[in-house]
Amino acid sequence: MERLMILEQDIINAVCVYVSRKKQVKPEEVEVELMHDDDYGFSAEAFVDGRKQVLIAANLIEALRLWLDEFMNENPYAGIELQLDDEEGIIALINN
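Described in the following lines is the structure provided in the data block. (Residues numbered from 1 in each chain as written. Predicted model: local features only at pLDDT ≥ 70, side-chain atom pairs only at ≥ 80, totals over all residues. Heavy atoms only, no water.)

### So, the overall build of the protein chain
Each helix and strand in the protein chain was counted, giving 2 helices and 6 strands. Helices and strands in the protein chain line up, N terminus first, as β-α-β-β-β-α-β-β. Computed over C-alpha atoms, the radius of gyration of the protein chain comes to 13 Å, within 12% of the 12 Å expected from 2.2 N^0.38 for 96 residues, which places it in the range of a compact globule. Along the first, second and third principal axes, the C-alpha atoms of the protein chain reach 40 × 30 × 20 Å. (Helix = DSSP H or I, 4+ residues; strand = E, 2+ residues; numbered from the N terminus. Rg over C-alpha atoms; globule rule 2.2 N^0.38 Å.)

### Here's the deal with the side chain of Ser20
Turning to its location among the elements, Ser20 is positioned in helix α1 (residues 8–23). Once residues lying within four places of it in the same chain are set aside, the contact partners of Ser20 are Val25, Lys26, Pro27 and Val30. (Contact = heavy atoms within 4.5 Å.)

### Topic: the pattern of salt bridges
This model, assessed by the stated rule, comprises 3 salt bridges. The salt bridge partner of Arg3 is Glu81, with a shortest N-O separation of 2.7 Å. One end of the pair, Arg3, is in strand β1 (residues 3–6); the other, Glu81, is in strand β5 (residues 80–85), with 78 residues separating them in the sequence. Residue Arg3 is classed as partly exposed on the basis of its relative accessible area, which comes to 38%. Exposure remark for Glu81: the relative accessible area of 33% places this residue in the partly exposed category. Glu45 is paired through a salt bridge with Lys52; the nearest N and O atoms lie 3.4 Å apart. (Salt bridge = Lys/Arg side-chain N within 4 Å of Asp/Glu carboxyl O. Buried < 20%, exposed > 50% of the residue type's maximum accessible area, 1.4 Å probe, protein only.)

Here you go:
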């Protein structure tokens, strides 16, 4: 099965677009920090206008579905797996 890899910067971009639409601001106005914790898994902090929003893994998947559909013209309902890579940081593997 072929797998598409989305690198950390594109995950950040996807979250910026996702949060910008929820908050009705431009994607450039959103700052995102991706995180991984052995106990809690993947998450992110998004900052808009000095306010912090915590996103859980399900939000990250939702943001990636938006990114796949609108920016990559890929199936947004493909399986998405977040992984921590030693070299690339946080990546997403997409089952095509």
